[in-house]
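# Coordinates in review
Residues per chain, in single letters:
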Amino acid sequence: MQLAYHRIWMNLLCFALTLILLHGASRERASGHDDVVKIGAIFTLKSINGQVSKIAIQAAEKDVNSDPRILGGRKLSITIHDSNFNGFLSIMGALKFLMRDTVAIIGPQTSVMAHVLSHLVNELHVPLLSFTALDPTLTPLQYPYFVQTAPSDQFQMTAVADMISYYGWREVIAVFSDDDQSRNGITVLGDKLAAKRCKLSYKAALPPDPTATPRDVTSQLVNIMSMEARVIVLHTYANTGLLVFDVAKKLGMMSKGYVWIATAWLSTVLDSTSVSLPSNTSNSIQGVLTLRPHTPQSRKKEAFISRWKHISNGTIGLNPYGLYAYDSVWMIAQALRLFYDQNGTISFSNNTNLSGTREETLDLGALSVFDGGKQLLDNILRINMTGLTGPIQFGSDRSPPHPSYDILNVITSGYRRIGYWSNYSGLSVINPEKLLAKPANRSISSQHLNHVIWPGNTIEKPRGWVFPNNGRQLRIGVPKRVSYRDMVSQINGTNAVQGYCIDIFLAAIKLLPYAVQYKFILFGNGLQNPSYYDLVNMVASDVFDAAIGDIAIVTDRTRIVDFTQPYIESGLVVVAPVKKLKSSAWAFLRPFTPMMWGVTAFFFLLVGAVVWILEHRTNDEFRGPPKEQIVTVLCFIFVCCCRFSFSTMFFAHRENTVSPLGRVVLIIWLFVVLIINSSYTASLTSILTVQQLSSPITGINSLISSSERIGYQVGSFAANYLTEELNIPKHRLYSLGSPEEYADALEKGTVAAVVDERPYVELFLSNHCKFSIRGQDFTKSGWGFAFPRDSPLAIDMSTAILTLSENGELQRIHEKWLSKRTCGFHSSENEQLQFNSFRGLFLICGITCVLALLIYFFTMLRQFSKKSPQKAGPSNRCTSRSARIQTFLHFVDEKEEKKLKRKLEDISSNNYSREYRLRSISKRVQVDISQEAPSS
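In what follows, the accompanying structure is described. Worth saying up front: this structure is predicted, and the values here are computed from it rather than measured.

What follows covers the overall build of the chain. Each helix and strand in the chain was counted, giving 34 helices and 34 strands. A burial count over the chain gives 48% of its 936 residues as buried. In the chain, once contacts between residues fewer than 6 apart in sequence are set aside, the share between residues at least 24 apart is 73%. As displayed, the chain has an accessible area near 46,500 Å², and 55% of this comes from carbon and sulfur atoms.

Another point: the packing of aromatic side chains. By convention here, two paired aromatic rings are described through the distance between centres and the angle between planes. Taken as a whole and judged by the stated rule, the model has 28 aromatic pairs. A network of ring pairs unites the aromatic residues Y484, Y742, Y760, F764, F771 and W783 as a single cluster. R463 extends its terminal NZ or CZ atom over the ring of Y514, reaching a point 3.9 Å from the ring centre. Between R557 and the ring centre of Y533, over which it is positioned, the NZ or CZ distance is 4.5 Å.

This next bit is on unusual backbone geometry. Geometrically, the link from G107 to P108 is a cis peptide bond, its omega value of -5° lying close to zero. When you line up the elements, P108 lands in the loop between β3 (102-106) and α5 (111-124). D209 connects to P210 through a cis peptide bond whose omega is 0°. Within the secondary structure layout, P210 lies in the loop between β7 (199-206) and α8 (214-225). Phi is positive for F85, close to 60°, though the residue is something other than glycine. By secondary structure assignment, the location of F85 is in the loop between β2 (75-82) and α4 (87-98).

We now examine the sheet that holds β2. A sheet is described by the order of its strands in space; here five strands give the open sequence β2-β1-β3-β4-β5, paired in parallel fashion. Each end of this open sheet is capped by a strand with a single partner; those strands are β2 and β5 (146-148). Direction aside, neighbouring strands of the sheet carry axes that sit 25° apart on average. In terms of strand pairing, strand β1 (residues 36-43) meets β2 through eight bridges, oriented parallel. The partner of K38 across the bridge, within β2, is S77.

Scanning the entire structure with this criterion turns up 23 salt bridges. Note that R292 is salt-bridged to D406, the shortest N-O span being 3.4 Å. Remark: D406 occurs in strand β15 (residues 404-411) and R292 occurs in strand β10 (residues 289-293); sequence separation between them is 114 residues. Side by side, R292 and D406 carry an identical accessibility label, which is buried. As a salt-bridge pair, D550 and R481 come within 3.0 Å of each other at their nearest N and O atoms. Placement of the pair is D550 in the loop between β22 (546-547) and α20 (555-558) and R481 in the loop between β18 (474-479) and β19 (490-491), with a sequence separation of 69 residues. Each member of the pair D550 and R481 is classed as buried. Through salt bridges with shared partners, a single network forms among D271, R292, D406 and R417.

Turning to helix α15 (residues 373-381), a few remarks are in order. Along α15, the positions that sit buried rather than exposed are G373, L376, L377, N379 and I380. Take α15 and look down its axis: the buried residues cluster within an arc of 160°, on one side only. Buried residues along α15 sit against β3, β4 (128-130), β5, α13 (320-341) and β12 (368-370).

Spatially, β29-β28-β30-β25-β31 is the arrangement adopted by the five strands of the open sheet, whose pairing is mixed. The strands lining the two open edges of the sheet, one partner per strand, are β29 (733-736) and β31 (771-774). Taking the axes of each pair of neighbouring strands and ignoring which way they run, one obtains an average angle of 35° across the sheet. Looking at chain direction, strand β28 (residues 710-713) and β29 are connected through four bridges and run parallel. By the bridge assignment, G711 is partnered in β29 with Y734.

A separate point is the side chain of T779. Tracing the backbone through its elements, the reader meets T779 in the loop between β31 and β32 (781-783). A distance of 2.8 Å separates a polar atom in the side chain of T779 from the backbone nitrogen of L572. Aside from chain neighbours lying at most four places away, what touches T779 is S570, G571, L572 and Y721.

Time to look at the side chain of S130. The topology assignment puts S130 in strand β4. The class for S130 is buried, based on a relative accessible area of 1%. Within the structure, the side chain of S130 is placed 3.4 Å from the backbone nitrogen of T132, a separation counted as a polar contact. A polar atom in the side chain of S130 sits 3.0 Å from the backbone nitrogen of A133.

Let us look at the pairing of strand β16 (residues 414-422). The sheet contact formed by β15 and β16 spans eight bridges and is antiparallel. Each residue of the ladder has a partner; that of I407, found in β16, is G419. Joining the antiparallel neighbours β15 and β16 is a turn of two residues. When β16 meets strand β17 (residues 426-428), the two strands line up antiparallel, connected through three bridges. Bridging across to β17, W421 finds its partner in L427. The antiparallel pairing of β16 with β17 creates a hairpin that spans three residues between the two strands.

A few words on the state of the cysteines. Following the criterion strictly, the structure yields zero disulfides and no others. With no disulfide of its own, C849 has C845 as its nearest cysteine by sulfur position, at a separation of 4.4 Å. When its relative accessible area of 2% is taken as the criterion, C849 is described as buried.

As a further point, take the packing of helix α18 (residues 500-511) against helix α29 (residues 809-817). Running from amino to carboxyl end, α18 crosses α29 at an angle of 155°, the nearest separation of the two axes being 10 Å. With respect to α29, the axis of α18 lies roughly antiparallel. Handedness of the crossing formed by α18 with α29: right-handed. Along the contact surface, α18 presents Y500, D503, I504 and A507, while α29 presents L810, I813, H814, K816 and W817. Looking at the contact of α18 with α29 residue by residue, the classes come out as six nonpolar, one polar and two charged.

Remark: helix α9 (residues 238-250) packs on helix α10 (residues 264-272), axes separated minimally by 10 Å, with the N-to-C direction vectors making an angle of 95°. When the axis of α9 is compared with that of α10, the two are roughly perpendicular. Facing A238, G241, L242 and F245 of α9, the residues of α10 in contact are W265, L266 and V269. Here the residues of the contact of α9 with α10 are counted per class, giving six nonpolar, one polar and no charged.

With that settled, the discussion passes to the environment of H115. On the secondary structure map, H115 appears in helix α5. Of the residues examined, H115 reaches a relative accessible area of 13% and is grouped as buried. Separated by 18 residues in the primary sequence, H115 and A133 place their C-alpha atoms 9.3 Å from one another. Beyond its immediate chain neighbours, meaning those up to four positions away, H115 contacts D135, T137, L138, Y143 and D180. A distance of 2.9 Å separates the side chain of H115 from the side chain of D135, its partner in a polar contact. Of the polar contacts made by the side chain of H115, one reaches the side chain of Y143; its length is 3.1 Å.

About the thresholds
Residues numbered from 1 in each chain as written. Predicted model: local features only at pLDDT ≥ 70, side-chain atom pairs only at ≥ 80, totals over all residues. Heavy atoms only, no water. Helix = DSSP H or I, 4+ residues; strand = E, 2+ residues; numbered from the N terminus. Buried < 20%, exposed > 50% of the residue type's maximum accessible area, 1.4 Å probe, protein only. Contact = heavy atoms within 4.5 Å. Areas by Shrake-Rupley, 256 points an atom, 1.4 Å probe, with all protein chains shown as cover. Phe/Tyr/Trp six-rings, centres within 6.5 Å; stacked < 30°, edge-to-face > 60°. Lys NZ or Arg CZ within 6 Å of the ring centre and 35° of its normal. Pairing = 2+ DSSP bridges. Axes fitted to C-alpha atoms, helices over the stretch in contact; angles between N-to-C directions. Salt bridge = Lys/Arg side-chain N within 4 Å of Asp/Glu carboxyl O. Arc of directions from axis to C-beta. Polar contact = N/O pair within 3.5 Å; in protein donor to acceptor, adjacent residues only side chain to side chain. Disulfide = S-S within 2.5 Å. Parallel < 35°, antiparallel > 145°, perpendicular 65-115°, else oblique. Left-handed = near helix turned anticlockwise from the far one by under 90°. Nonpolar A, V, L, I, M, F, W, Y, C, P; charged D, E, K, R; others polar.

In short, geometric facts, not functional conclusions.
Here's what the structure looks like:
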């Protein structure tokens, strides 16, 4: 912050000194001609981009002036001012241009000066175009007359973040020059990484380019070597950047395991170096990844590249910023052409805000306003042309259309392109222009890059981090348990720690693709189980590098540490004393809950009533006095159900139903009876053949509603959960330290129940069959290993645990330590069949009954209306509605004669045919006897 204030005051001092130097000549204006349009350019000509830009701008000026159609015979006059890495000289150059009727300025080269000069051009309405000052904070809202003609660093940092996410790295170190452009670019990088769940773990600021010294660089790189992250993003300029790589090479930081990503400055060096780099510099950048602004291939670009050696005399190579410099001149020329077509004129007037400001040594009124500046700026922003860099136009935020970058990998022979990045399609090995013709696809599966040769001349992707402090042994905290030692901290004869959790940790460590040095440190006094909250806090406070054991993954702990994938499921359960249930005379009622019995009885009556309604008019068996009908219906349904139980559903069964609707209802009901009967039989068999347990405690809810004391294991999170989440008073809780204390407290009635995690309870019950789990798990969690926040080792260990689960090793370890005999008791309430299990069946049956009644009702209405149609006479209108209803009910209640007669005829015909068959048979018998008599 102090350095930033210092730079601001220095800039203001430079500005004031410049105005003082200009005093006395402020009114002097360069004599210009209407046929000459003046443009200024500010660059550091000793830099690579300055040299390339000067040649490209002069070539563009010559090409524009060679075509009189562009400016209608007028000529461009571009003056290049050398700022020589000096902000003071940049301000002087800008003021010199603004005093000489300059209509536009190309530059400055750095974002620091762009911030300063933008205030000047905003006041004097002179467009300022730059393709190298790419600070993302140079927004059009604050600096309306500043235009970035190349993609800003916001897109470059997005590309870097996508690359880091693509390779799966999580922590990044940034090395940058402490100026506006580099600092703000790194800020954007941090935001983009955070959006991808990555982070900048350290920011190493170097003095502004080119003032950084080897000592400054060495100091920062030595700090970085002691850190965990090994992915380094270098965002600076050519002089400082090459110095960083030289020092890193000497410190051994260009070896295997490191990842270096340099921003576009390195590709600029590679493209523009006319001869090969010095051997020491070339060796220090092997394996580095860098970005280069992507420019599509075109005939115009190829023609300019072929001209470059001639116009540059072979002094420097062409880089993309030379193409942007050339296009910037043409943008101004095309905007001026449109300006003149709009009858615009080049004129300047005094600034009313400054004309009255006249001090002893300052006369700001000499600075005049470009009257057509706003019009020229609008023409620039509306431009739509194709240049050497491809299509040129600006979006609503003044960004180029679909900015993209080449991703380069530096190798011994130079560099090779491994892919592209664009804001349209992300990372790809396909040319961005081809992808623009397809729908945008930013899915993970569509992101691809070719293989990379990393530092150390290896193709194996670095993991991006190492253990801190030069790979010292990890301090692994292990709880020193007093009870349940098989879980984690059983100590064998050689004083080595062993147990279920230890075996899982050792098996996972073996699957890591790198060696890990570690040592176990027991945590606890050995007299009672330690507090697991204290253990996790010691990981968060860097006392331990990790903690392994039976550590439950709960909310309070996940706030301060990172856990691995759970390696065993867990959850709190209730354990209570139980007694064996003896068989009784009413054991047959146990399979169903009271509600299930009630619903079954209700549907028994409902189906009987529906069948009676549907059969009453057509079936003689359903007619007679009301008392007899009630008995008939009940007997009918009962007999059908009993007969159905001993017969198949559709073949060996005949019901005395006549109406089709009655038969449909009866079939659905018999299907329901089939399911209920089968379930009842299975449940009753289980109840009568397996020992049953009962207890007044049925689960956590019954325990909460009581006032009994509750036991819990010392060190477990159960106590906090019971008090904070379930609001159980602390005086009801009773701490227990071992399985023996569990059994003693439950037998003596000291506690009504014990609440603990399921793995412990299962081990406890393997030796204590007088107790049982009551109800279900009322929390869902698991056990995992704890690591500091954002530790990459936690991610790798999670992957290893998943591998153990897939290959069966996790189950084998579980069987080795935790598979014990269990008591073969079952809770009686778990065996009862609940209504919810059959709700769908009863719903289908109920809907069928309702639909059958509706169909029957509408059928009766239609028959009634045909039999007794309502007349239109006024006397009939006076007929009461109740009389009509009574007539309808009488109609429904009366017997249907036609069907009855048809049934009688069918019965008589059946009897006649039976008698006819008997007569024919008897005649045949008599004939046979008469034929056999003579022979005898």
